[in-house]
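Structural overview for review
Listed below, chain by chain, are the residues.
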Amino acid sequence: MASHSDQMKPVEFTLFEKAQLKMVPNKLKILLLLMAVVVVANAVTVAADYVRPPPRKNLQFPWDPKPSSQPQQVHVSLAGDKHIRVTWITSKSSSPSLVEYGTSPGKYTSRSHGESTSYSYLFYTSGTIHHTVIGPLEHNTVYYYKCGGKGPEFSLKTPPSEFPITLAVAGDLGQTGWTKSTLDHIDLCQYDLHLLPGDLSYADYIQSKWDTFGELVEPLASARPWMVTQGNHEKENIPFIKDGFESYNARWKMPYEESGSMSNLYYSFEVAGAHVVMLGSYTDYDVNSEQYNWLKADLSTVDRKKTPWLLALFHVPWYNSNYAHQGEGDDMMEAMEPLLHAAGVDLVFSGHVHAYERTKRVYNGKSNPCGAVHVTIGDGGNKEGLAQKYKEPSPEWSVFREASFGHGELKIVNSSHAFWSWHRNDDDEPVKSDEVWITSLITSNCVATKETKQA
Ligand SMILES: *[C@@H]1O[C@H](CO)[C@@H](O)[C@H](O)[C@H]1NC(C)=O
Ligand SMILES: [Fe+2]
């Protein structure tokens, strides 16, 4: 698969890493060189046929290490019904994977112990990564919690059990001035859960950037569940040495076990009245693959009376009229679109293309009243800038397209109606540059017709 980068970029090393380089034996230097070659080779496989405006620089993080047992990079995610997984990192391995929590500040009436892991990547060794599931929790309730018995108190709000629910959506975040702007905008809206269709940190092999990303998103990600899937920038593989996704899997553990999946790269969850499938664009998806079989089984369990809305997320868009990344999603689409269509998926979110685009309901390359609305929302603000060049004329299925940084909000009002809006970073948060009411497929004959057919 091709890398996201459209320009060749030198592999960056921090001063600390440069100092380490001087001290390493030749064998390891060769490995590093190999790694650099992989990065550059990936970069040149994508033609630079569109011009992006100047991206903003990566934010500078004064690396002010917290005391070694203090929790860092705290984030939370859903972990099955009424449960939340709390993830944090300490630099001291003896720190317990303990979360104390309760509904009043400073009064922790419950406690849970979890698991911890760590990983090494060339010369980098991660801190201890703790994953602790808490619950059962009440719905729509604020909980105060402390990680590892140390450090500051955090608070989170659990999602509601029924509509309305608001989902914030932004992909391809990175850690630039634009990322900060996107997060600040999302922070201003009232939402219950963040959906991220891939490309998180843009660490791109420099592992310490996973840590700075974790710190950057902590204020939001410790307060609302962040449900993520992976993009190409998470695939930090080095041939013969490292499989991809090691850092991503260690740090962003999602409820795959809870949803019967064998891999952290694809899973599903239910929130209020929505069933959400999170898929992997960079893992096998053909009809004989584990992912395909898991998806088929997962979709067969969906009860539209309980979850009238059915959503899917993955990184590489299937309906994209931008010149960037044309055709990259075709193989996955060919394999999996029939499954999603048969199940009556309402909405699909993807990223990868650094711009915003919304389609009509589509299936098999054409608008179709029983198809899904596809939204490309890879405009979270990463260091690569925007993808500005669109194919002309606009395809009949494309409703709105624009290359600006921003985020989306999906407010599911009830079983039949949801309000989607897209908000540019250049505007005040309440300004909606694109907005549409979407009615669920269960209110049309589409889903019912299929049930009748099967019967
Ligand atoms: C669902 O919400 C829409 C938009 O507010 C409203 O028009 C409709 O009547 C609601 N339907 C039900 C069944 O409450
Ligand atoms: Fe991407």
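Structure: see above.
Notes on the structure follow. Just so it is clear, the model here is predicted, and its values are computed rather than measured. (Residues numbered from 1 in each chain as written. Chains lettered and ligands numbered in written order. Predicted model: local features only at pLDDT ≥ 70, side-chain atom pairs only at ≥ 80, totals over all residues.)

1. A few points about helix H7 (residues 330-343)
- Taking 1.5 Å per residue, 14 residues should reach 20 Å; H7 reaches 20 Å between its end C-alpha atoms and fits that length.
- The principal kink in H7, of about 45°, is found at methionine 336, preceding the proline proline 338 by one to four residues.
- All buried positions along H7 are accounted for by Met332, Met333, Met336, Glu337, Leu340 and Ala343.
- Among the structural elements, helix H6 (290-300), strand S16 (309-313), strand S18 (356-363) and strand S20 (372-377) are those in contact with the buried residues of H7.
- Note on H7: the residue one or two positions beyond its end, glycine 344, has a positive phi of about 75°. (Helix = DSSP H or I, 4+ residues; strand = E, 2+ residues; numbered from the N terminus. Expected span 1.5 Å × (residues − 1). Bend = angle between axes of the 7 residues up to and from the residue. Buried ≥ 20, exposed ≤ 12 C-beta atoms within 10 Å, placed from the backbone. Contact = placed C-beta atoms within 7 Å.)

2. A few points about the site of ligand 1
- If you check the shell around ligand 1, you find Val413, Asn414, Ser416 and His417 and nothing else.
- Per-class residue counts for the shell around ligand 1 are one nonpolar, three polar and no charged. (Near = placed C-beta within 6 Å. Nonpolar A, V, L, I, M, F, W, Y, C, P; charged D, E, K, R; others polar.)

3. Some remarks on the packing of helix H3 (residues 177-188) against helix H4 (residues 208-221)
- The N-to-C vectors of H3 and H4 enclose an angle of 10°; their axes lie 10 Å apart at closest approach. Taken as axis vectors, H3 and H4 run roughly parallel relative to one another. From H3, Thr179, Leu183, Ile186 and Asp187 reach across to H4, where they touch Leu216, Val217 and Leu220.
- Partitioning the contact of H3 with H4 into residue classes produces five nonpolar, one polar and one charged. (Axes fitted to C-alpha atoms, helices over the stretch in contact; angles between N-to-C directions. Parallel < 35°, antiparallel > 145°, perpendicular 65-115°, else oblique.)

4. Structural notes on the sheet that holds strand S5 (residues 115-117)
- Taken in spatial order, the four strands make up an open sheet running S1-S2-S8-S5, and their pairing is antiparallel. The open sheet terminates on both sides in strands that have one partner only, identified here as strand S1 (72-78) and S5. Averaged over all neighbouring strand pairs, the angle between strand axes comes to 20°, with direction disregarded.
- Bridging between S5 and strand S8 (residues 128-134) involves three bridges; their strand directions are antiparallel. The residue of S8 that forms the bridge with glutamate 115 is histidine 131.
- Contacting S1 and strand S2 (84-90), H4 crosses the sheet at an angle of about 55° to S1. (Pairing = 2+ DSSP bridges.)

These figures capture arrangement, not role.
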